[in-house]
Structure formats: structure tokens, C-alpha cells
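# Results of the structural survey
Single-letter residue listing:
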Amino acid sequence: MSRGLKIVHTADLHLGVGLSNISLGNEEIERKRILDFINQLKKIRDFAVKEKCDFFIIAGDVFHHRRPSGFVLDEFSKIVGSMLKEDIVVLVVAGNHDQPVSKDVRPYIKALHDIGPKNFFYIDKPTVKSIKGFRSGKTVCFICLPYLHPTLFDPKSYEDAIKNIFTKLHGKVESEYDYLVVVGHFLTRGAKLSKGAKMIIPVDDIPISERSISSDDVSYVALGHVHKAQEVAKRIIYSGSVERINFGEEEDEKFFVFIEESGGDLEYTFEKLKCRPMLTIPSLRIGVKGKSINLTKAEDPTGALLDVLERVKILEGAIVRLICTLRSDQTIDVERLDEFFSSKNVLHWFLRNEPVDVDRPIIDPVIGKKLKEIFEEYVRRMFEEKVSQDILDVVLKEGARILRKSMEEV
């Protein structure tokens, strides 16, 4: 007896991201953070195996870096292999973190595809692919739309270019299929972004209409790129990232999507993922008001800070960001804070000082973004795959210093 089609849709795994946005030299903590993302993928894999799914869709950004560590690549390969053994087809459509920055740079994930494992598909160019599910026997025609950077087109006609690509692919769709599914990695106009989106979405990204990548005969659109899980429009879904990437996502819940055939149609539900807690102090959601904890009048700033922390519920395993205001002659006793956070089983904590005389923000009046952020995003996009991480860190640090100094002289 045949059973209905079942699909899992996830995206934005960002395997290997660790605590890259936080200055840290503790390898054990870094490894635990990297495992957070890998373990989320394992949970989704376990769900797909338990439900005997036909397809496992990853709508872009498998790795945070195009050339991940051997450990991260191996873990991903083992997870994919375990699904292939269960007759689950794994379909990956390239995201912006997967696409090469130049012709000479090839993402490691392409090597997995080139080996030719049966039922593993990595799509880095727009294409149509019809695949029959093993368990349901249902054929799904996938219109695959990997991330295409706006600089490849005239920015003014970017949306039209994407729409034309979709239309051409749609014209190649054969009539022999049960369901038509689009898998893409784009920013759509109707999408709600997390507060931390500016650290993930490219500066020069151009949002497009969701109708540019869909049509009335499409049963489901599986999207990646936006980290906040949501239904942009009927059947047009962002699964969101699988774990909180940065503090801009600390309040976001994380999900993957389970798609199931029902009455000749595809129904979908958001399946919640338990994430590592991220906590900024102060924060209104924990009842501590203000943009920072003002310690300038405290004779014992560490003691005053601990008094505040004692009133806060800190979840086990959390990553904690403290935002404080200190005078230049004040110091914080790190050992006392380490002892406190160890008693709370916190994974990692760090303090960001907001000085009394806050530097003027370096703003580009045209773009409306901090120049430091624009500089960092540009350097990473242009040189991330060409130089070592150590060299990249030095360039970013020196660039930030020069920008700060130049503004002080204005």
C-alpha cells in the first residue's frame, strides 16, 4: 500500500560558525558551539528518518565558510550518508555562503556531489530536476534557484532577471510529476528579518517579489537566506536558520518544516528546535531596563554588577553578553565573574563596555550603515577564501582602527 509524500525543509545551517563574532581563544568552548549547529542538523535528520521521509531539502548555506574544517565537513558527510542509507533523497541548493567568490575557488560541498553518491544532489546553477520518492513513489519536480548575487546583473533589473530565469525553468517542466516544488535562496520583500540580519545578509542584496519565484501550479516554495522562520505568503516558506547565529537572533525561536501530503495537496507544519540560550543584560525581556548597566558611580563596580546579575534568571548553558558603562579608571574583576557564571553553568560570557564618552557613530549618510560594518562585509566577501583567518582578523582590526582614528581627526 502506497503512503503519502513526506519532505523535510531546512536551510541556513551555517555549520562551523562557532563563536566567530565573539573574540574567544578557548578551543573547547568553540568546539561546543560548533557542535550546537551540527547537533541541530542531527535532530532534523533523526526526525526525517523516523517519519520515513522521501526528501530532505536544504535551501542554502550549509557551511558558514566555503572551505569548512575537516571536522565540520566530515560530520556533515556522515549525516548525509546516514540519510542516503535510509533511502532519503538529499537535495541541497547553494546559498550565498556556498557560492564561490571567484572561478578559482570551489566550495568543498561540491566535492561531495562530484563523488556521485546516489540520491545526493548539490545544485549551484538554476535547473529543473524531477525525482521519484522511494517510499511514496511520488515524483516531485524541483525548480532549483540557487543564490545569484545582484552584481551578476544590472541591479535595476535584478528582479526581472530572476523572474525570467524562473519562467524559463518553469517552461522546461515536464507534465509527468505529482508535485511542483521550488527551492531557492533569496531575500523576498515580504520577509521579516531578525535584528542581526545585517551580519548575515549581504550589504548589496536586493529583495525580490515572492511571485517572481512561484506560480499557481507550485505546491510549495522552500526558501533559505532569511534566518527568521515564517510564511511569507501561502505555500512560500522560510524555514529559518537552525540555531541562533548572533545576538541579533537571541529572541528568535528556531524551526524546520515538515511537509506532508494530505488529500492530494501538501500541508506543512513548523517543527520547533530547542536552541542554546543567548542573553543580553540589560534587556527589557528579563526586566532589566536601560541600554547598559551604569557602573560609573559604583565604588565596587564588580560587586554592583553581580548584584544585578543575581536578580536575573540565567538559563544553563547560555551565552551571555553584558553591556556596561564604566569610567576609564574602573576595572571589572574577571575572576569573580567567572566564578559566578561557572556556578550558573554558562557556556560563555563577555563584557562590552559602553564608555562614558561614546565615540560618534561612523555613518555613511547615503548608505545609512556604519562604515565599519560595510568595510568588514566587503573584506570578508572579497578575501575570506583567499587568505587565512589570522590575516583576515588582522586586516579587519587594523581597518577598524584606521576608521576610528580618521573620525577622531575630523
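Residues numbered from 1 in each chain as written. Predicted model: local features only at pLDDT ≥ 70, side-chain atom pairs only at ≥ 80, totals over all residues. Heavy atoms only, no water.

### Digging into the sheet that holds strand S12 (residues 265-273)
- Spatially, six strands are ordered S4-S3-S2-S1-S11-S12 in an open sheet, and the strand pairing comes out mixed. The open sheet has two edge strands, strand S4 (120-123) and S12, and neither has a second partner. In this sheet, adjacent strand axes meet at a mean angle of 20 degrees when their direction is disregarded.
- The strands touched by helix H2 (residues 70-85) within the sheet are strand S2 (55-58), strand S3 (89-93) and S4, with S3 carrying the most contacts at an inclination of about 135 degrees. (Pairing = 2+ DSSP bridges. Helix = DSSP H or I, 4+ residues; strand = E, 2+ residues; numbered from the N terminus. Axes fitted to C-alpha atoms, helices over the stretch in contact; angles between N-to-C directions. Contact = heavy atoms within 4.5 Å.)

### As for the sheet that holds strand S10 (residues 236-238)
- If you walk across this open sheet you meet the six strands as S5-S6-S7-S8-S10-S9, and the pairing is mixed. For this open sheet the edge positions go to strand S5 (127-132) and strand S9 (230-233), each flanked by a neighbour on one side alone. Across the sheet, the mean angle separating the axes of adjacent strands is 25 degrees when strand polarity is ignored.
- In this sheet, strand S7 (residues 179-185) lies alongside strand S6 (residues 139-145) in parallel orientation, the contact comprising six bridges. If you follow Ile 143 over to S7, its bridge partner there is Val 182.
- Against the sheet, helix H4 (residues 158-171) makes contact with S5, S6 and S7, and its axis sits at roughly 155 degrees relative to S6, the strand it touches most.

### Structural notes on the environment of Asn 96
- Along the chain, the position of Asn 96 falls in the loop between S3 and helix H3 (109-115).
- The buried category is assigned to Asn 96, whose relative accessible area is 9%.
- Distance in space between the C-alpha atoms of Asn 96 and His 149 is 7.6 Å, their sequence separation being 53 residues. (Buried < 20%, exposed > 50% of the residue type's maximum accessible area, 1.4 Å probe, protein only.)

### A closer look at H4
- A rise of 1.5 Å per residue sets the reference length of H4, with its 14 residues, at 20 Å; its end C-alpha atoms lie 20 Å apart and thus fit the reference within 8%.
- Every buried residue of H4 is accounted for by Tyr 158, Ala 161, Ile 162, Ile 165, Phe 166 and Leu 169. What you see down the axis of H4 is that its buried residues fit within an arc of 135 degrees, all on one side. Exposed and facing more than 90 degrees away from the buried side of H4 are Lys 168 and Gly 171. (Expected span 1.5 Å × (residues − 1). Arc of directions from axis to C-beta.)

### Notes on helix H7 (residues 371-383)
- Over its 13 residues, H7 extends 18 Å from the first C-alpha to the last, a length consistent with the 18 Å expected when each residue adds 1.5 Å.
- Those residues of H7 not exposed but buried are Glu 373, Ile 374, Glu 377 and Val 379.

### Describing a nonpolar patch on the surface
- Together, Tyr 378, Met 382 and Phe 383 make up an exposed nonpolar region whose accessible area comes to about 270 Å².
- Along the polypeptide, Phe 383 turns up in helix H7. (Patch = residues over 30% accessible without salt bridge, like charges linked within 9 Å, V, L, I, M, F, W, Y side chains within 5 Å. Areas by Shrake-Rupley, 256 points an atom, 1.4 Å probe, with all protein chains shown as cover. Salt bridge = Lys/Arg side-chain N within 4 Å of Asp/Glu carboxyl O.)

### Regarding the pairing of strand S16 (residues 348-353)
- One ladder, built from six bridges, connects strand S15 (residues 319-325) with S16; its direction is parallel. Pairing of Cys 324 across the sheet is with Asn 353, part of S16.
- Between the parallel pair S15 and S16, the chain is carried across by helix H6 (residues 334-343), and the sense of this crossover is right-handed. (Right-handed = clockwise from strand over helix to strand, strands pointing away.)

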